[in-house]
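# A look at the structure
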Amino acid sequence: VDGTGIDCGQLRWATHCTVDWDCGRRMSTCSVVYLSGMTLRTAALVRTARAPSRRVVRGMATAAPSPCISASAADAIGNTPLVDCSRLVQQSGLTGRILAKLEFCNPGFSKKDRIAKQIIDDALMGGAVRPGDTVVELTSGNTGTGLAIVCAARGLHFVAVMSEGNSVERAHMMRALGAEVILVPQCRGSTPGQVSGADLALVDEVCRSVVQDRGAFRADQFDLEGSVSAHYNHTGPEFWAQSGGSIDAFVDFVGSGGTFAGCSKYLKQASGGHVACYIVEPENAAVLAAEAAGGVGLDNTGTHPIQGGGYSKNSTELKFIAQYHDLVDGYLQVSDAEAIETARRLAVEEGIFGGPSGGANVAAALQLLRREEWSGATIAAVICDSGLKYLSTDLWHSEGAGV
């Protein structure tokens, strides 16, 4: 039985899957179906390899180890699905396409699994850490979950430092994955469930102290190049391959700026500069847009419920935005209500159960499609994490949430 397997990003499978049948017995049926499923859901031919033939030993079906089997959960990170949100676009009365990358299909339910793997593997290869060492990083919960998974697979101890303003599900998940979690109280006057730049500064202070006290390696997502290269080497190529090179614009809600920088760099290179790349910020914490406008005309002081970004940091505080500033074609602002409403619409209309940052990205994509110059275009966006991480928040428990 021969079939063509196509893959993008990390090499998984191959072509010419040869299966030997044993006198009509049901052998390797699942293997064939799985390979066929991979063919259907992926897009770019990377490399091919001959699959090992099945053989019969004492009447039992056996096979050599399959390239489809990951060595660990960390090695299952990436190659997430890309979904056409056609129902959402049509029901919004718009023309065009929004292609949403479902990063909650990663083992830790978020895009941050990618940078966790890249940063830790870079550190191991460079000798910055060795098995048995301690890794520390501040997190809103997603990077910490990814680091907990990767550190467990690589034989490292992980300590997560997180604000109490983040959802409790995140801390529970990291602890369940074997991480040590240190929670930092919010600043006086901060809104529970809304982590401000000042709150993040307190977390950073505690994180630095823990690193020094324990002589640990800091997996600094705001500074280490793995935050960009994970998306330049994997997420960006996956977007381009899965879309068949049809992307016109990319929108991204900025936290560290690594996803924006990595994906934008690759998409612009692959398209010959055709893809326009927009930074997405909360409407009342639009620091980068205000900076680009000369510091006037936009509110940049408020808090917001979109966890994982919008920390009121300017480009001098966000290394990757400063370093890759030439990739920015524009700025989009999304209100709290837009982000939440769009996340809920994605769940109901598309069956995509994502968090508020994914809602913000798709809301920004809808904004673009409403513009005359972008009508009919194909907009790419990341669904950053799973809605399961927000079950205790107002995202699903206030009016209109359907819960």
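No experiment lies behind these values; they were computed from the predicted model shown. (Residues numbered from 1 in each chain as written. Predicted model: local features only at pLDDT ≥ 70, side-chain atom pairs only at ≥ 80, totals over all residues. Heavy atoms only, no water.)

## Description of the pairing of strand E5 (residues 134-139)
A large share of E5 lies buried, amounting to six of its six residues. With burial as the criterion, each face of E5 is covered, one bearing Thr134, Val136 and Leu138 and the other bearing Val135, Glu137 and Thr139. Of the strand pairs in this sheet, E5 and strand E6 (residues 157-163) are connected by six bridges, and their pairing is parallel. By the bridge assignment, Val136 is partnered in E6 with Val159. (Buried < 20%, exposed > 50% of the residue type's maximum accessible area, 1.4 Å probe, protein only. Helix = DSSP H or I, 4+ residues; strand = E, 2+ residues; numbered from the N terminus. Pairing = 2+ DSSP bridges.)

## A few points about the packing of helix H7 (residues 226-242) against helix H8 (residues 258-271)
Where H7 contacts H8, the axes come no closer than 7 Å and their chain directions differ by 50°. In this view, H7 runs oblique relative to H8, as classed from their interaxial angle. With respect to the hand of their crossing, H7 and H8 are arranged in right-handed fashion. Note on element contacts: H8 touches H7 through Gly258, Thr259, Ala261, Gly262, Cys263, Lys265, Tyr266, Leu267, Gln269, Ala270 and Ser271, opposite Ser227, Val228, His231, Tyr232, Thr235, Gly236, Pro237, Phe239 and Trp240. Class assignment for the residues of the contact of H7 with H8 results in 10 nonpolar, nine polar and one charged. (Axes fitted to C-alpha atoms, helices over the stretch in contact; angles between N-to-C directions. Parallel < 35°, antiparallel > 145°, perpendicular 65-115°, else oblique. Left-handed = near helix turned anticlockwise from the far one by under 90°. Contact = heavy atoms within 4.5 Å. Nonpolar A, V, L, I, M, F, W, Y, C, P; charged D, E, K, R; others polar.)

## Looking at a nonpolar patch on the surface
On the surface, Phe109, Leu388 and Leu391 cluster together into a nonpolar patch covering about 240 Å² of accessible area. Following the sequence through the fold, Phe109 ends up in the loop between strand E4 (97-102) and helix H3 (112-126). (Patch = residues over 30% accessible without salt bridge, like charges linked within 9 Å, V, L, I, M, F, W, Y side chains within 5 Å. Areas by Shrake-Rupley, 256 points an atom, 1.4 Å probe, with all protein chains shown as cover. Salt bridge = Lys/Arg side-chain N within 4 Å of Asp/Glu carboxyl O.)

## Digging into the sheet that holds strand E12 (residues 378-383)
Pairing is mixed in the open sheet, where six strands are placed in the order E3-E4-E12-E9-E10-E11. Both outer strands of the open sheet, strand E3 (82-84) and strand E11 (330-334), are each paired with one neighbouring strand and no more. For this sheet, the mean inter-axis angle between neighbouring strands, taken without regard to orientation, is 30°. Strands E4, strand E9 (249-253), strand E10 (276-282), E11 and E12 of the sheet are contacted by helix H12 (residues 356-370), whose axis makes an angle of about 145° with E9.

## Quick word on helix H11 (residues 336-350)
One turn of an α-helix holds 3.6 residues; hence residues three or four places apart share an orientation. With 15 residues, H11 extends 21 Å between its outermost C-alpha atoms, agreeing within 8% with the 21 Å of an ideal straight helix rising 1.5 Å per residue. What H11 keeps buried is the set Ala339, Ile340, Thr342, Ala343, Arg344, Arg345, Leu346, Glu349 and Glu350. Trailing H11 by a residue or two, Gly351 shows a phi angle of about 70°, which is positive. (Expected span 1.5 Å × (residues − 1).)

## Some words on the pattern of salt bridges
When the charged atoms of two side chains lie near each other, side chains of opposite charge can form a pair. Under the counting rule described, the total for this entry stands at 16 salt bridges. Across the salt bridge formed by Arg97 and Asp84, the nearest N and O atoms sit 3.1 Å from each other. Separated by 13 residues along the polypeptide, Arg97 in strand E4 and Asp84 in strand E3 bring together distant segments of the chain. Under the relative-accessibility criterion, Arg97 is labelled partly exposed at 34%. A salt bridge links Glu180 to Arg214; the shortest N-O distance between them is 2.7 Å.

## Comments concerning H8
With 14 residues, H8 ought to run about 20 Å at 1.5 Å a step, and its terminal C-alpha atoms sit 20 Å apart, in line with that. Among the 14 residues that make up H8, 10 are buried, leaving the element largely enclosed by the rest of the structure. Along H8, the residues that are buried comprise Gly258, Thr259, Phe260, Ala261, Gly262, Cys263, Ser264, Leu267, Lys268 and Ser271. Of the surrounding elements, those touching the buried residues of H8 are H7, E9, E10, helix H10 (319-323) and E12. The first or second residue beyond H8 is Gly272, which carries a positive phi of 70°.

## Remarks on the side chain of Ser167
Checked against the element boundaries, Ser167 lands in the loop between E6 and helix H5 (168-176). What makes Ser167 buried here is its relative accessible area of 4%. Looking at Ser167, its side chain comes within polar contact range of the main-chain oxygen of Lys389, at 2.7 Å. (Polar contact = N/O pair within 3.5 Å; in protein donor to acceptor, adjacent residues only side chain to side chain.)

## As for the sheet that holds E6
To summarise the sheet geometry, strands pair through backbone hydrogen bonds and adopt either a parallel or an antiparallel arrangement. Ordered by their spatial adjacency, four strands build an open sheet running E7-E6-E5-E8, and the pairing between neighbours is parallel. Every other strand in the sheet has two partners, leaving strand E7 (180-184) and strand E8 (217-218) as the edge strands with one partner each. Here helix H4 (residues 142-154) sits on the sheet in contact with E5 and E6, set at roughly 160° to E5. Helix-sheet contacts for helix H6 (residues 197-214) involve E5, E6, E7 and E8, and the interaxial angle to E6 is about 155°.

## Observations regarding the nonpolar core
By size, the foremost hydrophobic cluster in this structure holds 35 residues, and its most contacted members are Val136, Phe239, Phe250 and Phe260. The set of elements that each furnish at least two residues to this core consists of E5, E6, H6, H7, H8, E10, H10 and E12. Among the elements that make up this core, the one with the highest residue count is H6 (five residues). Among residues more than four places away in sequence, those in contact with Phe239 are Leu82, Leu99, Lys101, Ile247, Phe250, Cys263, Leu267, Ala380, Ala381 and Val382. Counting 33 residues, the second largest nonpolar core, distinct from the first, contains Ala100, Ala339, Ala363 and Ile383. (Core = buried A, V, L, I, M, F, W, Y, C linked by side-chain atoms within 4.5 Å.)

## Re the packing of aromatic side chains
The way to describe two aromatic rings as a pair is by their centre distance and the angle between their planes. All chains considered together, the criterion is met by three aromatic pairs. Judged by centre distance (6.0 Å) and plane angle (70°), the ring pair of Tyr232 and Tyr266 falls under edge-to-face. Taken together, the positions of Tyr232 in helix H7 and Tyr266 in helix H8 put the pair 34 residues apart, joining distant regions of the chain. Cation over ring: Lys101 sits above Phe239, and NZ or CZ is 5.9 Å from the ring centre. (Phe/Tyr/Trp six-rings, centres within 6.5 Å; stacked < 30°, edge-to-face > 60°. Lys NZ or Arg CZ within 6 Å of the ring centre and 35° of its normal.)

From the geometry alone we can't say anything about function, so treat these as descriptive.
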